[in-house]
Amino acid sequence: MSTEDLRIVWIYPDLLSTYGDRGNMLILAARARGRGIPVETIEIRSDQALPDSADLYLIGGGEDGPQALAAQRLNADGGLHRAVARGSVVFAVCAGYQLLGTSFFAKGSSYPGLSLLDLQSDRGPARAVGELHGVIDPRLGLPPLSGFENHGGRTHLGPGVSPLAQVTTGIGNDGTSEGAWRGNLIGTYSHGPALSRNPALADLLLRWATGAGYLPPLDDTWTDRLRHERQVAVAP
Ligand code: GLN
């Protein structure tokens, strides 16, 4: 692979791969290649050093125990912090989203997060499981968020981040807002995997990671159908 390739790192597949979020990497790679952008996808297990020179980092969902271990190892490694300081793009889902904050709750205790996003997570009264839809922050220029959530945590945003979306169906952070973003970092509770149901979000991440102002459209017939089907399913 040449140094010109788009480098996408999937963080800790051995710990954070419970909820099908690997699909996000496959979708990003396919959508980049569809525009003639060469891609290198790299899977870094939790016993390996995390390269800090990649363009885009993905973190998926996971159960409480692996989530706590992943946060501990990412803090000890420091590679993701260096990558973010360099301006790399991060897309984090559910457990991965929670661990980017200052603290999160897992297995009855609070754990320190990576403090890359100004937010903290605790436990909600009941597990949030089901469709998750919302209106995305207009500054991101994206159509509505469509996803599926499955988490016990609730997330409280500080002034240093903006909500990714306002919830129209589901719980997200707290029943009102969903996810968070700051600079090139986006976190969401949306599985599905998220980027299969939100290709415009995938393309935003690709534009950020490549610096491309414009990406030619791809044939999204099947995704449009899926989005429509889910929208109809949650319509009142
Ligand atoms: N363990 C976390 C929670 O339940 C995250 C779950 C997930 O990643 N789906 O809140």
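Before going into details, it helps to say that this report is about the structure given with it.

Conventions and cut-offs
- Residues numbered from 1 in each chain as written.
- Predicted model: local features only at pLDDT ≥ 70, side-chain atom pairs only at ≥ 80, totals over all residues.
- Heavy atoms only, no water.
- Core = buried A, V, L, I, M, F, W, Y, C linked by side-chain atoms within 4.5 Å.
- Buried < 20%, exposed > 50% of the residue type's maximum accessible area, 1.4 Å probe, protein only.
- Helix = DSSP H or I, 4+ residues; strand = E, 2+ residues; numbered from the N terminus.
- Contact = heavy atoms within 4.5 Å.
- Phe/Tyr/Trp six-rings, centres within 6.5 Å; stacked < 30°, edge-to-face > 60°.
- Near = heavy atom within 4 Å.
- Polar contact = N/O pair within 3.5 Å; in protein donor to acceptor, adjacent residues only side chain to side chain.
- Areas by Shrake-Rupley, 256 points an atom, 1.4 Å probe, with all protein chains shown as cover.
- Nonpolar A, V, L, I, M, F, W, Y, C, P; charged D, E, K, R; others polar.

**Observations concerning the nonpolar core**
If you look at the biggest cluster of nonpolar residues, it comprises 69 residues, and the most contacted ones within it are I11, L28, Y57, L80, F91, L99 and L100. It is helix 6 (residues 199-210) that contributes the most residues to this core, six residues altogether. Aside from chain neighbours lying at most four places away, what touches L99 is L16, I59, Q67, A70, A71, L74, F104, G113 and L114.

**A closer look at the packing of aromatic side chains**
Throughout the structure, instances matching the rule amount to two aromatic pairs. Seen from their ring centres, Y97 and Y189 are 5.2 Å apart, and the 85 degrees between their planes marks the pair as edge-to-face. With Y97 in helix 4 (residues 95-99) and Y189 in the loop between strand 11 (185-188) and helix 5 (194-197), this residue pair connects regions lying 92 residues apart in the sequence. Y189 matches Y97 in its accessibility class, with the two residues each being buried. Here F104 and Y111 contribute two aromatic rings whose centre-to-centre distance is 5.8 Å and whose plane-to-plane angle is 15 degrees, an arrangement assigned as stacked.

**Considering the environment of H228**
As for its position among the elements, H228 is in helix 7 (residues 221-234). H228 gets classed as exposed once you look at its relative accessible area, which sits at 52%. The sequence separation of H228 and S146 amounts to 82 residues, and the corresponding C-alpha distance is 9.6 Å.

**Considering the side chain of D64**
Here D64 is to be found in helix 2 (residues 64-77). Judged by its relative accessible area of 18%, D64 falls in the buried class. Excluding residues within four positions of it along the chain, D64 makes contact with A106, K107 and R123.

**A look at the site of the ligand**
Near the ligand lie 16 residues; those nearest to it are D64, C94, N150, G152 and G153. Between the ligand and the protein, one listed contact pairs an oxygen atom with a backbone N or O atom of A95 at 3.0 Å. Separating an oxygen atom of the ligand from a backbone N or O atom of G152 is a distance of 2.9 Å. Compared with its free state, where it exposes 300 Å², the ligand has 100% of that area covered by protein. Of all the elements in the fold, those that place two or more residues in the shell around the ligand are helix 2, helix 4, strand 7 (119-136) and strand 8 (145-157). Ranked by residue count, the leading element in the shell around the ligand is strand 8, at four residues. Per-class residue counts for the shell around the ligand are three nonpolar, nine polar and four charged.

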